[in-house]
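Notes for the structure review
These are the residues of each chain, in order.
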Amino acid sequence: MPGIDECLLDVMRLPGARGAAVVDWTSGLALGTVGDSPNGDHEATAAETAEVARMAAEQPAFALGSPEPGGDGSAPPVEDVIVTTRAGYHILRFVETDFDSSVFLHLWLDRAEGNLALARIRLGEIAERLVLA
């Protein structure tokens, strides 16, 4: 099973991928980064995207519905957050872990070269394979 570095390299193979990171959304720290950062600073981007992820994951409006069958309710009910800009897409994909599930993958995708639907599907597959030690 791949770790952070291998998963980030897989993410960067997606068409239009500009940069990616694994971020802890409770602390705002980047656990791993690759490629470019939208503002030139991976740590600042991690903190900014963590704020967006935290806001989405902690809002009761997004927690509606029943929990996953057999789930313990510890994972956030939000699967991903997509933010579109004129030049690109930002996909924040939550990663379920054995501990507190406070990690997400952030993909910065070029709008002209990327495929949002494909990237979302592949990011979900990569998140399922990610092993955090």
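Residues numbered from 1 in each chain as written. Predicted model: local features only at pLDDT ≥ 70, side-chain atom pairs only at ≥ 80, totals over all residues. Heavy atoms only, no water.

**What about the side chain of His 90?**
One can find His 90 in strand 4 (residues 88-95). Given the relative accessible area of 14%, His 90 is considered buried. At 3.0 Å, the side chain of His 90 and the side chain of His 106 are in polar contact. Those residues within four positions of His 90 in sequence are excluded, and the remaining contacts are Pro 38, Val 81, Ile 82, Val 83, Thr 85, His 106, Leu 107 and Trp 108. (Helix = DSSP H or I, 4+ residues; strand = E, 2+ residues; numbered from the N terminus. Buried < 20%, exposed > 50% of the residue type's maximum accessible area, 1.4 Å probe, protein only. Polar contact = N/O pair within 3.5 Å; in protein donor to acceptor, adjacent residues only side chain to side chain. Contact = heavy atoms within 4.5 Å.)

**Digging into helix 3 (residues 116-129)**
Taking 1.5 Å of rise per residue, the 14 residues of helix 3 would be expected to cover 20 Å, and the 20 Å separating its terminal C-alpha atoms lies within 8% of that figure. Residues of helix 3 that are buried make contact with helix 1 (4-12), strand 4 and strand 5 (103-110). Where helix 3 begins, one side-chain oxygen reaches toward the backbone nitrogen of Ala 117, 3.1 Å away; that side chain belongs to Asn 115. (Expected span 1.5 Å × (residues − 1).)

**Overview of the environment of Ala 119**
Tracing the chain through its elements places Ala 119 in helix 3. Beyond its immediate stretch of four places on either side in the chain, Ala 119 contacts Leu 14, Ile 91, Leu 107 and Leu 109.

**Here's the deal with the sheet that holds strand 3 (residues 80-84)**
Taken together, the 5 strands give an open sheet; going across it, the order is 2-1-5-4-3, and neighbouring strands pair in antiparallel fashion. Edge positions in the open sheet fall to strand 2 (29-35) and strand 3, since each of these has one partner strand only. The sheet shows a mean angle of 15 degrees between the axes of neighbouring strands, taken without regard to direction. Here strand 1 (residues 17-24) runs beside strand 2; their pairing, made up of 6 bridges, is antiparallel. Bridge pairing in strand 2 links Ala 20 to Val 34. Sheet strands in contact with helix 1 are strand 1, strand 2 and strand 5, and its direction is about 150 degrees off that of strand 1. (Pairing = 2+ DSSP bridges. Axes fitted to C-alpha atoms, helices over the stretch in contact; angles between N-to-C directions.)

**Observations regarding the packing of aromatic side chains**
Within a pair of aromatic rings, the relevant descriptors are the distance that separates the centres and the angle that separates the planes. The tally for this structure, following the rule as stated, stands at 2 aromatic pairs. Ring geometry for Trp 25 against Phe 94: centres 6.1 Å apart, planes inclined by 85 degrees, an arrangement best described as edge-to-face. Here Trp 25 is found in the loop between strand 1 and strand 2, whereas its partner Phe 94 is found in strand 4, with 69 residues between them in sequence. The burial state of Trp 25 is the same as that of Phe 94; both residues are buried. Where Phe 94 meets Phe 104, the ring centres are 6.3 Å apart and the plane angle is 55 degrees; that geometry is what we call tilted. (Phe/Tyr/Trp six-rings, centres within 6.5 Å; stacked < 30°, edge-to-face > 60°.)

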